[in-house]
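Fold and contact review
The lines below spell out each chain.
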Amino acid sequence: MRDDHGTRDASRPSGQEPDPSARLTVLAGPTAVGKGTVSADVRARYPEVWLSVSATTRRPRPGEIDGVHYHFVDDVTFDRMVAEGEFLEWAVVHGRNRYGTPRAAVMERLATGTPALLEIDLAGARQVREAMPEARFVFLAPPSWDELVRRLVGRGTEDEEERERRLATARVELAAEAEFDHVIVNDEVHRATDELIDVMGVRTRSGVGC
Ligand code: 5GP
């Protein structure tokens, strides 16, 4: 694991502006670990954090709102966005749909010093590490493999074939934990969210935003 970013920030000479990409945090982890739930909790309880809205070729699920949860686009639009270099990263997730982080929106937020959070898959996290190594990379881990399977089955949004596909991806993704700067165990959503917020440096120990 790499050094904690807080340590690096503390060692920076006073008066020197931090690298804007240090305000960027990437949250990755296996399928069904609860990345979406933790991001929703961040959205609800920490409005000072900006959540990137990905583009995806996946169809919306009931309750998902275009422009809020994702930008739902067709293949032709996604192809155009790739060709025009609009993505900071993009990947085919679970061997099926494409997902990508629109670069311009992220850069705009970072330029204003806003803490930004990307909730993306492992392949995407690796691309961001290449492009922006100063970002923070956080791995959300399940308390156990059995608990991960239980959450995936319990969610009930995928059919049997899709569940098997996602579990296969999850096995590979779990093995990548050591590549990350921080590992947060999602044993309880509010607790995991608070730990993420601490890692992002959004609040001080007294709970006051910085
Ligand atoms: P879901 O279809 O359940 O919303 O998301 C499936 C997976 O896609 C999740 O693991 C999520 O982290 C990942 N994902 C969502 N947006 C992006 C993105 O912009 N880029 C990448 N690489 N993965 C994403």
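Residues numbered from 1 in each chain as written. Predicted model: local features only at pLDDT ≥ 70, side-chain atom pairs only at ≥ 80, totals over all residues. Heavy atoms only, no water.

1. Section: the site of the ligand
Put simply, the rule is: Nearness is defined per residue: one heavy atom within 4 Å of the molecule or strand is enough. For the purposes of these results, a polar contact is taken to be a pair of N or O atoms within 3.5 Å, where, inside protein, one atom must be able to donate a hydrogen and its partner to accept one; residues adjacent in sequence count only when each atom of the pair is a side-chain atom. In these tables, accessible area is a Shrake-Rupley quantity obtained with a 1.4 Å probe, and a residue counts as shielded only by the protein chains included in the view. Under the DSSP-based scheme used, a helix requires at least four consecutive residues in state H or I and a strand at least two consecutive residues in state E, with every element numbered from the N terminus. Side-chain classes are defined by residue name, with Ala, Val, Leu, Ile, Met, Phe, Trp, Tyr, Cys and Pro counting as nonpolar, Asp, Glu, Lys and Arg as charged, and the others, Gly among them, as polar.
Neighbouring residues of the ligand: 16 residues in total, closest S54, R58, Y70, Y99 and E119. Between the ligand and S54, the relevant distance is 2.6 Å, taken from an oxygen atom to a side-chain nitrogen or oxygen of the residue. Burial of the ligand by the surrounding chains reaches 93%, relative to a free accessible area of 510 Å². Elements with a contribution of two residues or more to the shell around the ligand: β5 (87-93) and β6 (97-102). Here the shell around the ligand is composed, by residue class, of five nonpolar, four polar and seven charged.

2. Considerations on the packing of aromatic side chains
For any two aromatic rings, the description comes down to two numbers: the centre-to-centre distance and the angle of the planes. Put simply, the rule is: Working definition: rings of Phe, Tyr and Trp (its six-membered ring) pair if their centres are within 6.5 Å, and the pair is stacked with planes under 30 degrees apart, edge-to-face with planes over 60 apart, and tilted otherwise. In this scheme, Lys NZ or Arg CZ marks a charge over a ring once it lies within 6 Å of the ring centre and within 35 degrees of the ring normal.
One pass over the full model with this rule turns up five aromatic pairs. Connected via pairs of aromatic rings, a cluster forms that spans Y70, F72 and Y99. When the ring centre of F137 is taken as origin, the NZ or CZ atom of R129, which lies over that ring, is 4.4 Å away.

3. Some points on helix α8 (residues 189-200)
For an α-helix the count is 3.6 residues per turn, leaving residues at separations of three or four pointing the same way. Note the cut-off: What a helix should span is 1.5 Å times the count of its residues minus one. Partly exposed describes any residue whose relative accessible area lies between the buried limit of under 20% and the exposed limit of over 50%, with all areas from a 1.4 Å probe on protein chains only and scaled to the type maximum. In what follows, residue pairs with any heavy atoms lying within 4.5 Å of each other are defined as contacts.
When the terminal C-alpha atoms of α8 are compared, their 16 Å separation across twelve residues agrees well with the 16 Å that a helix rising 1.5 Å per residue should span. The set of residues buried in α8 consists of A192, T193, D194, L196, I197, V199 and M200. For α8, the secondary structure elements touched by its buried residues are β1 (24-28), α2 (35-45), β7 (116-119), β8 (136-141) and β9 (182-185).

4. Focus: the sheet that holds β6
We count it as follows: Strands qualify as paired when DSSP identifies two bridges or more between them. Lines fitted to C-alpha atoms define the axes, with helix axes restricted to the stretch in contact, and inter-axis angles between N-to-C directions lie between 0 and 180 degrees.
An order of β4-β3-β6-β5 is seen for the four strands of this open sheet, with the pairing classed as mixed. Looking along the sheet, the strands with just one partner apiece sit at the ends: β4 (71-72) and β5. Against the sheet, helix α4 (residues 103-111) makes contact with β5 and β6, and its axis sits at roughly 30° relative to β6, the strand it touches most.

5. Let's talk about the layout of surface pockets
Note the cut-off: Here a cavity denotes grid points, spaced 1 Å and computed from the protein atoms alone, that fit a 1.4 Å probe unable to get out, and a pocket denotes an open set having protein on both sides within 12 Å along at least 5 of 7 lines; residues with an atom within 4 Å of a point are the lining. Grid points are joined across faces, edges and corners, and a volume is the space filled by probe spheres set on the points.
Of the pockets and cavities examined, the largest pocket occupies roughly 910 Å³. Looking at the largest pocket, it is lined by 38 residues, and the ones nearest its centre are K35, G36, R58, Y70 and E119. Broken down by secondary-structure element, the contributors of at least two residues to the lining of the largest pocket are α2, β5, β6, β7, α6 (145-155) and α7 (160-174). Broken down by class, the residue content of the lining of the largest pocket amounts to 14 nonpolar, twelve polar and twelve charged.

6. Some remarks on α7
Selection criterion: Relevant arc is that of directions from the helix axis to the C-beta atoms, nothing else.
Taking 1.5 Å per residue, 15 residues should reach 21 Å; α7 reaches 21 Å between its end C-alpha atoms and fits that length. Burial in α7 covers these residues: E162, R163, R166, L167, A170 and E173. For α7, the angular spread of buried residues about the axis comes to 135°, placing them on one side. Facing away from the buried side of α7 by over 90 degrees, the exposed positions are E161 and V172.

7. Notes on the side chain of D121
Our working definition: The charged-residue count follows a simple rule in which Lys and Arg add positive charge and Asp and Glu add negative charge, with His and chain termini not counted at all. Take a side-chain nitrogen of Lys or Arg and a carboxyl oxygen of Asp or Glu: if they are within 4 Å of each other, that pair is a salt bridge.
Mapped onto the elements of the fold, D121 is located in the loop between β7 and α5 (122-131). One buried charged side chain, D121, makes no salt bridge at all; its nearest oppositely charged neighbour is K35, positioned 8.0 Å away. At a separation of 2.9 Å, a polar atom in the side chain of D121 contacts the main-chain amide nitrogen of G124. Apart from residues no more than four positions distant in its own chain, D121 is found in contact with A28, A91, V92, V93 and E173.

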